Amino acid sequence: KGFHDAGIRIDGFVELDSAARSTFKRNFPNAKCLAHSVEEMEVTNKNRLNPDFLIGGPPCQGFSLAGKRDPRDPRNTLFQYLVKAAEFWKPKIIIMENVRLLLSMKDEDGRLVIDNIKKELNNFNIFFNRFLKYILYKLESMQIKKEKKI
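Bear in mind that the values here come from a model prediction, so they are computed numbers and not experimental data.

Here is what the cut-offs are and how they apply
- Residues numbered from 1 in each chain as written.
- Predicted model: local features only at pLDDT ≥ 70, side-chain atom pairs only at ≥ 80, totals over all residues.
- Heavy atoms only, no water.
- Helix = DSSP H or I, 4+ residues; strand = E, 2+ residues; numbered from the N terminus.
- Buried < 20%, exposed > 50% of the residue type's maximum accessible area, 1.4 Å probe, protein only.
- Areas by Shrake-Rupley, 256 points an atom, 1.4 Å probe, with all protein chains shown as cover.
- Lys, Arg positive; Asp, Glu negative; His and termini not counted.
- Salt bridge = Lys/Arg side-chain N within 4 Å of Asp/Glu carboxyl O.
- Contact = heavy atoms within 4.5 Å.
- Pairing = 2+ DSSP bridges.
- Right-handed = clockwise from strand over helix to strand, strands pointing away.
- Arc of directions from axis to C-beta.
- Axes fitted to C-alpha atoms, helices over the stretch in contact; angles between N-to-C directions.
- Parallel < 35°, antiparallel > 145°, perpendicular 65-115°, else oblique.
- Nonpolar A, V, L, I, M, F, W, Y, C, P; charged D, E, K, R; others polar.

A look at the overall build of the protein chain
What the protein chain contains, in helices and strands, is 5 helices and 4 strands. Reading the protein chain from its N terminus to its C terminus gives the helix and strand order α-β-α-β-β-α-β-α-α. Each of the 150 residues in the protein chain was classed as buried or not, and the buried ones make up 27%. On the protein chain, roughly 10,800 Å² of surface is accessible, and the fraction owed to carbon and sulfur atoms is 52%.

And the structure:
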């Protein structure tokens, strides 16, 4: 809701959970549900958007201490659908949210998942390292307290 409150129009969304989907639709009645799952989403001219922002939050269960942190969890690769959408829609800004432990999670081959994400997003000339370090620094310097750490 924060982006909407900042004046950004929400045009479309993908949400697997039906209750969350209903809430999203109630909060953003003009937004189009593009799919229930990113795996089902067709990034075609039929769903052509012209977004300034592409915002995604791939599932965190595979990275979180609340989950099993299993390198073979298929949800750990769902960020690739965000990259696929970005390649097609060419937004000005890509925002991907996830849990802190994503930074230390390794894939089946022993590579850091965050390095895989950076490699995929490298096509967009993103200053990923600098930006991420800046955000983490700002959060720490502001002494943001979380109710729940995952």
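Next comes the rest of the write-up.
Looking at the side chain of Arg-21
If you trace the backbone, Arg-21 turns up in helix α2 (residues 18-27). Within the buried core, Arg-21 has no salt-bridge partner, and the shortest N-O distance to an opposite charge, that of Glu-15, equals 6.1 Å. Non-local contacts of Arg-21, meaning those with residues more than four positions away in its chain, are made with Phe-13, Glu-15, Leu-16, Cys-33 and His-36.

Quick notes on the pairing of strand β2 (residues 32-35)
As defined by bridge partners, strand β1 (residues 12-14) adjoins β2 across 3 bridges and the pair is classed as parallel. Note on β2: the bridge partner recorded for Phe-13 is Cys-33. With α2 bridging β1 and its parallel neighbour β2, the resulting β-α-β unit is right-handed.

Here we look at helix α3 (residues 79-89)
Every buried residue of α3 is listed here: Phe-79, Leu-82, Val-83, Ala-85, Ala-86 and Trp-89. For α3, the angular spread of the buried residues around the axis is 160°, confining them to a single face. With its phi angle positive at about 50°, Lys-90 sits one or two positions after the end of α3.

Focus on the pattern of salt bridges
Here the structure, examined in full by the defined rule, presents 6 salt bridges. A salt bridge links Asp-52 to Lys-92, with the shortest nitrogen-to-oxygen separation between them at 3.3 Å. Highlighted residues: Asp-52 in the loop between β2 and β3 (53-56) and Lys-92 in the loop between α3 and β4 (93-96), separated in sequence by 40 residues. In this structure Lys-92 comes out as exposed when scored by relative accessible area, which is 68%. One salt-bridge network, in which partners are shared between bridges, spans Asp-107, Asp-109 and Arg-111.

Some words on the packing of α3 against helix α4 (residues 113-121)
Think of two packed helices as two axes; the pair is described by the angle between the axes and how far apart they sit. α4 packs onto α3 with a crossing angle of 10° between their chain directions and a minimal axis gap of 10 Å. By the angle class used here, α3 and α4 are roughly parallel. Contacts from Phe-79, Gln-80 and Val-83 of α3 reach α4 at Asn-116, Ile-117, Glu-120 and Leu-121. Split by residue class, the contact of α3 with α4 holds 4 nonpolar, 2 polar and 1 charged.

Regarding the environment of Val-83
Relative to the assigned elements, Val-83 resides in helix α3. Once the C-alpha coordinates of Val-83 and Ile-117 are considered, the two residues, 34 residues apart in sequence, prove to be 8.7 Å apart.

Section: the environment of Lys-32
Mapping Lys-32 onto the fold places it in strand β2. Judged by its relative accessible area of 40%, Lys-32 is partly exposed. Considered as a pair, Lys-32 and Asp-11 are 21 residues apart in the sequence and their alpha carbons are 6.1 Å apart.

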